[in-house]
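In case you want the letters, here they are:
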Amino acid sequence: MTMRMAIALSAMLLAAPALAQGAGKPIIDMHMHAWSLKEFGGESVPLCVGARGVEMHGIDPAKPFDFTAQATCKVMLASPSTDAAVLADTISEMRRLNVVSGVIAGDRDIVAAWMKAQPGMFVPASNFFVDENLPSAARLAELESRVKSGETRLFAELTPQYRGLAPDHPSLMPFYALAERHDVPVGIHMGYGAPGGPYWAYPKYRASLGNPLLLEELLVRHPRMRIYVMHAGMPMTNEMIALMNAHPQVYVDISADNVGVPRAEFHHHLRRLVEAGYGKRVMFGSDQMVWPKSIPIAIEAITEADYLTDQQKRDILYNNAARFLRLDKDTIDRHHRASN
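Please read all numbers here as calculations on a predicted model, not as lab measurements. (Residues numbered from 1 in each chain as written. Predicted model: local features only at pLDDT ≥ 70, side-chain atom pairs only at ≥ 80, totals over all residues. Heavy atoms only, no water.)

A. Here's a closer look at the pattern of salt bridges. Enumeration over the complete set of coordinates arrives at 15 salt bridges. Of the charged contacts, one joins R96 and E93 as a salt bridge, the two residues approaching to 2.8 Å between their closest N and O atoms. With a gap of three residues between them, R96 and E93 both fall in helix α2 (residues 83-96), about one helical turn apart. The class of E93 is buried, set by a relative accessible area of 4%. A salt bridge links E142 to R139; the nearest nitrogen and oxygen atoms lie 2.9 Å apart. Of the two residues, E142 and R139 are both situated in helix α4 (residues 137-149); the distance of three residues between them amounts to about one turn of the helix. Classification of E142 as partly exposed rests on a relative accessible area of 27%. One continuous salt-bridge network, built from bridges that share partners, spans R108, R139, E142, R146 and E151. (Salt bridge = Lys/Arg side-chain N within 4 Å of Asp/Glu carboxyl O. Helix = DSSP H or I, 4+ residues; strand = E, 2+ residues; numbered from the N terminus. Buried < 20%, exposed > 50% of the residue type's maximum accessible area, 1.4 Å probe, protein only.)

B. Inspection of the packing of aromatic side chains at higher detail. Applying the stated criterion across every chain yields a total of eight aromatic pairs. Between W35 and F40 the ring centres are 5.7 Å apart and the planes differ by 50°, which places this aromatic pair in the tilted class. Note on W114 and F122: the rings are 5.4 Å apart at their centroids and 50° apart in plane angle, and the pair reads as tilted. Accessibility assignment for this pair places W114 and F122 in one class, buried. One aromatic cluster is present, built from ring pairs that chain together W35, F40 and W291. (Phe/Tyr/Trp six-rings, centres within 6.5 Å; stacked < 30°, edge-to-face > 60°.)

C. Focus on the nonpolar core. The biggest cluster of nonpolar side chains holds 74 residues, and the ones touching the most others in it are F155, Y176, L215, I254, L270, F284 and I302. If you tally residues by element for this core, the top one is helix α10 (residues 294-303), at six residues. Beyond its immediate sequence surroundings of up to four residues, F155 is in contact with S126, F128, L143, V147, F175, L178, A179, V184, P185, V186 and G187. I28, V100, L154 and M283 belong to the second-largest nonpolar core, a separate cluster that totals 18 residues. (Core = buried A, V, L, I, M, F, W, Y, C linked by side-chain atoms within 4.5 Å. Contact = heavy atoms within 4.5 Å.)

Listed below in structure tokens is the structure:
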């Protein structure tokens, strides 16, 4: 099957169920990105849809590392060929699927352009890092200025794991204090990274630094900080449940797992979170980067889950995020009107 055929097949198989089950009901996406295709090396960037089947058969370490050789993917998506098309297609998919609000992080200028292109649809986020350097006093002052002006409303996606840092590294503490002081929600990457990442794209990434329990001292030190663990710390679900039990302010999103992880594995972890009693603290996210067609795949992961009640699906797709973000009644009513 060619890549073009796979893309067409995935669109036919995935878009209709998401539409049918989500019609007239708003969705909040807590994890999106506004990036240029240059971040991914150029035009027509491929994406393996692990949710449709992937075999991670490994590599021979005696040979030069080849990212494409470590897995066999059944369905691939290709990105649009221009940055303008990425934006246009993302907006089109969001409208079609009733995604009324999306938290976007990325290049500052691109985030601003997306905000201007569709006022009211996106929520701007910033992270703590610049050019792989540790944070500085100047960066702290810059972020505080963005918060005060309204340019930044969340700190996300924080990625200390990709930089070989624990989430409570001392260099990050002033930023967490800033978030707590200004009541800025924080979204932090924990769990899975790019397969084989330390050997090709992220030399400092360590799987052990994605353990959700590494957040404990940070949470105790900043007890009023709103925080959500992106990717729900998967596959460390037991650790995630232990953290949520001990620290009831913690929410999670299930982004990327709902697209990149085989469906049986994804549902195993989501079901554990819900059956453990944390269905009111799980939020939807797509982790859309430059693949707008990944959004319906992510939504379908929730709408197809036969172990979730209709109420639990609505909580994950909208209600939990509305509560975490402290949306007022007028905003919630507007979202519901916009999706009808």
